[in-house]
Amino acid sequence: MEQIPKSFLALFLMVLFLFAGVMVITVAIDAAAAQRYTADATAMISQYNFSDAVIAKCEQTAKDKGYELDVKVMDCNNDGVRDLAELKTTYEYKMKLLGIGTQTHVIRSYAR
């Protein structure tokens, strides 16, 4: 009779660890997707020479994916030509089962 509670406790802990592992993997996949999107947006903005239309398209795409993209275009050597853009992608980091509520993470990238 002693084995029944121990077996149920072991089963409960295994299921709990399984759910925790799945949540950690899911959050890691979401973070990797945000990093991939930031890299793609950085490459696109750089390829199209900091075009306002491309920046607006990237910001809209980020919004559709649940991210917030902030692009700051700069002229580093004051010659009137845009030559650098700082991108900040903000996304939500959620893992409620492990007691980590919603946190906001920021990914920075630079297009040249």
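You'll find the structure just up there.
Description of the structure in this document. What you are looking at is a predicted structure, and each value in this text was computed from that prediction instead of being measured.

Attention now goes to the packing of helix 1 (residues 3-47) against helix 2 (residues 52-65). At a minimum axis separation of 10 Å, helix 1 and helix 2 run at an interaxial angle of 165°. By the angle class used here, helix 1 and helix 2 are roughly antiparallel. As for the relative orientation of helix 1 and helix 2, their crossing is right-handed in sense. Residues Tyr-37, Ala-41, Met-44 and Ile-45 of helix 1 lie in contact with helix 2, whose contacting residues are Val-54, Ile-55, Cys-58, Glu-59, Thr-61, Ala-62 and Lys-65. Here the contact of helix 1 with helix 2 is composed, by residue class, of eight nonpolar, one polar and two charged.

This paragraph deals with the layout of surface pockets. To find leftover empty space, one rolls a probe the size of a water molecule over the atoms. Here the largest pocket defines a volume of roughly 190 Å³. Every residue along the wall of the largest pocket is listed here: Val-27, Asp-30, Ala-31, Ala-33, Lys-65, Gly-66, Tyr-67, Tyr-91, Glu-92, Tyr-93 and Lys-94. Those elements that place two or more of their residues in the lining of the largest pocket are helix 1 and strand 2 (84-95). Per-class residue counts for the lining of the largest pocket are six nonpolar, one polar and four charged.

If you look at the biggest cluster of nonpolar residues, it comprises 18 residues, and the most contacted ones within it are Tyr-37, Ile-45, Cys-58, Leu-69, Val-71, Ala-85 and Leu-87. Of all the elements in the fold, those that place two or more residues in this core are helix 1, helix 2, strand 1 (68-74), strand 2 and strand 3 (100-111). Counting residues per element, this core draws most heavily on helix 1, at five residues.

Under the definition given, this model contains zero disulfides. Counting only cysteine sulfurs, Cys-76 is the nearest neighbor of Cys-58, a cysteine outside any disulfide, at a range of 19 Å.

With respect to the helices and strands, Thr-38 occurs in helix 1. Once residues within four sequence positions are removed from consideration, Thr-38 is found in contact with Thr-89, Ile-107 and Ser-109.

All right, on to the pattern of salt bridges then. Under the defined criterion, the tally for this structure stands at two salt bridges. Among the ionic pairs, Asp-52 bridges to Arg-82, the shortest N-O distance being 2.9 Å. Here the residue Asp-52 occupies a position in helix 2, and Arg-82 occupies one in the loop between strand 1 and strand 2, the gap between them amounting to 30 residues. Judged by its relative accessible area of 52%, Asp-52 is exposed.

What counts as what
Residues numbered from 1 in each chain as written. Predicted model: local features only at pLDDT ≥ 70, side-chain atom pairs only at ≥ 80, totals over all residues. Heavy atoms only, no water. Axes fitted to C-alpha atoms, helices over the stretch in contact; angles between N-to-C directions. Helix = DSSP H or I, 4+ residues; strand = E, 2+ residues; numbered from the N terminus. Parallel < 35°, antiparallel > 145°, perpendicular 65-115°, else oblique. Left-handed = near helix turned anticlockwise from the far one by under 90°. Contact = heavy atoms within 4.5 Å. Nonpolar A, V, L, I, M, F, W, Y, C, P; charged D, E, K, R; others polar. 1 Å grid on protein atoms, 1.4 Å probe; cavity = no way out; pocket = protein on both sides within 12 Å on 5 of 7 lines; lining within 4 Å. Points joined across faces, edges and corners; volume = space filled by probe spheres on them. Core = buried A, V, L, I, M, F, W, Y, C linked by side-chain atoms within 4.5 Å. Buried < 20%, exposed > 50% of the residue type's maximum accessible area, 1.4 Å probe, protein only. Disulfide = S-S within 2.5 Å. Salt bridge = Lys/Arg side-chain N within 4 Å of Asp/Glu carboxyl O.

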